[in-house]
Amino acid sequence: MSKYFGVNEHISIVEIVVRSVIMFLVTFAMIRLTGMRQFRKNSPFDMVIAFLIGGVLSRGVVGATPLFATIASGLALILLQKFFYTLSFKNDRIEKIMKGERFLIYKEGKFLKDNMKKADITTLEIFEDLRVEQQTESLEGIAEVYVEKTGEISFIKKEKE
């Protein structure tokens, strides 16, 4: 068993294919069972977990780490993410640390430069998203602009009088 699923420097194509299929099925099952909808949000924490899981699981596919140790490590990372999201659900301070915060960057016809600096966003990026999302180059009909927790820019239209 360890010949096929342990560390193997000379891994055949068939072994890589079998390991890939096993890893896909196990990873898919782990994510589905833990209800990992958080991967949609692309928060910095989610990105770190995704990079780590990808790196860890790839080692199991290519035979650099025993397959079962790789699966256990991947499961530990997914459960760690689930644990921190449970904590953030119960504590606003932890939620702010884990998920970040939104920044108001435009209001009443003025760019809020301090908040733009905190959000690492430029007016060029704001106007780019304005063109893509609102199909306009003018902020005339826009009341407020936010940089959301995910890094996306959202535009709040002015109320019609």
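### Section: the environment of Q134
Consideration 1: Looking at the secondary structure, you find Q134 in helix α7 (residues 123-134).
Consideration 2: You can call Q134 partly exposed: its relative accessible area is 22%.
Consideration 3: For the pair Q134 and K157, spaced 23 residues apart in sequence, the C-alpha separation works out to 9.7 Å.
Consideration 4: In this structure Q134 touches D129, F155 and K157, once residues within four positions along its chain are discounted.

### Focus: α7
Consideration 1: The terminal C-alpha atoms of α7 lie 15 Å apart, and with twelve residues this matches the ideal 16 Å at 1.5 Å per residue to within 8%.
Consideration 2: Where α7 is concerned, the buried positions are I126, D129 and L130. Seen end-on, α7 carries its buried residues on one side only, within an arc spanning 110°. Seen from the buried face of α7, the exposed residues on the opposite side, beyond 90 degrees, are L124 and V132.
Consideration 3: Residues of α7 that are buried make contact with β1 (103-107), β2 (110-111), α6 (113-118), β3 (142-147) and β4 (153-157).
Consideration 4: Looking one or two residues beyond α7, the residue adopting positive phi is Q135, at roughly 55°.

### Some words on a nonpolar patch on the surface
Consideration 1: A surface patch of nonpolar side chains, amounting to about 640 Å² of accessible area, comprises I13, V17, V21, F24, L25 and F28.
Consideration 2: Structurally, F28 is set in helix α2 (residues 13-34).

### Some details on the packing of aromatic side chains
Consideration 1: Applying the stated criterion to the full structure yields four aromatic pairs.
Consideration 2: Centre to centre, the rings of F111 and F127 are 6.1 Å apart; their planes meet at 65°, and the pair counts as edge-to-face. Taken together, the residues span a long stretch of sequence, with F111 in strand β2 and F127 in helix α7 at a distance of 16 residues.
Consideration 3: Judged by its relative accessible area of 25%, F111 falls in the partly exposed class.
Consideration 4: Here F127 falls in the partly exposed class, since its relative accessible area comes to 26%.
Consideration 5: Members of the aromatic cluster, connected to one another through ring pairs, are Y106, F111 and F127.
Consideration 6: Here the guanidinium or amino end of R102 rests over the ring plane of Y146, the centre of that ring lying 4.2 Å away.

### Focus: the nonpolar core
Consideration 1: Membership of the largest hydrophobic core comes to 14 residues, with the highest contact counts inside it found for I105, I121, I126, V145 and F155.
Consideration 2: Ignoring any residue separated from it by four or fewer positions in sequence, one finds V145 in contact with F103, L104, I105, Y106, I126, L139, I153, S154 and F155.
Consideration 3: In this structure, M30, V61, I71 and I78 belong to the second largest nonpolar core, which totals 13 residues.

### Focus: the sheet that holds β4
Strand pairing in a sheet takes place through backbone hydrogen bonds and is either antiparallel or parallel in direction.
Consideration 1: Across the sheet, which stays open at both edges, the four strands sit in the order β2-β1-β3-β4 with antiparallel pairing between neighbours. Each having just a single partner strand, β2 and β4 make up the two edges of the open sheet.
Consideration 2: Two elements, β1 and β2, share two bridges in a ladder whose sense is antiparallel. Residue K107 lies in a different strand from β2, and its bridge partner there is K110.
Consideration 3: Relative to the sheet, α7 contacts β1, β2, β3 and β4, its axis offset from that of β4 by approximately 65°.

Basis of the calculations
Along each chain, numbering runs from 1 in the same order as the chain's sequence is written. The model is predicted, so local features are restricted to residues of pLDDT at least 70 and side-chain atom pairs to those at 80 or more, both for listing and for counting; the totals for chains, interfaces and linings are taken over all residues. Only hydrogens and water are removed before side-chain values are computed, so all heavy atoms of the structure are retained for them. Elements are defined by DSSP. Helices are runs of H or I of four residues or more, strands are runs of E of two residues or more, and each kind is numbered from the N terminus. The rule is simple: take the accessible area with a 1.4 Å probe, protein chains only, and divide by the maximum for that residue type; under 20% is buried, over 50% is exposed, in between is partly exposed. It only takes one pair of heavy atoms within 4.5 Å for two residues to be counted as in contact. A helix is expected to span 1.5 Å multiplied by its residue count minus one. By arc we mean the arc of the directions from the helix axis to the C-beta atoms, nothing more. Patch members must show over 30% relative accessible area and no salt bridge, and they are joined within 9 Å when carrying like charges or within 5 Å when they are nonpolar side chains of Val, Leu, Ile, Met, Phe, Trp or Tyr. For the accessible areas, the method is Shrake-Rupley and the probe is 1.4 Å, while residue cover comes only from the protein chains on display. Here, a salt bridge means any side-chain nitrogen of Lys or Arg that lies within 4 Å of a carboxyl oxygen of Asp or Glu. Side-chain rings of Phe, Tyr and Trp (the six-membered ring for Trp) are treated as a pair once their centres are within 6.5 Å; stacked means planes under 30 degrees apart, edge-to-face means over 60, and tilted covers the remaining angles. Charge over a ring is defined by NZ of Lys or CZ of Arg lying within 6 Å of the ring centre and within 35 degrees of the ring normal. Only buried residues count toward a nonpolar core, which is a set of Ala, Val, Leu, Ile, Met, Phe, Trp, Tyr and Cys residues joined through side-chain atoms within 4.5 Å. For two strands to be treated as a pair, DSSP must find no fewer than two bridges joining them. Here, axes are lines fitted to C-alpha atoms. For helices the fit covers the stretch in contact, and angles between N-to-C directions go from 0 to 180 degrees.

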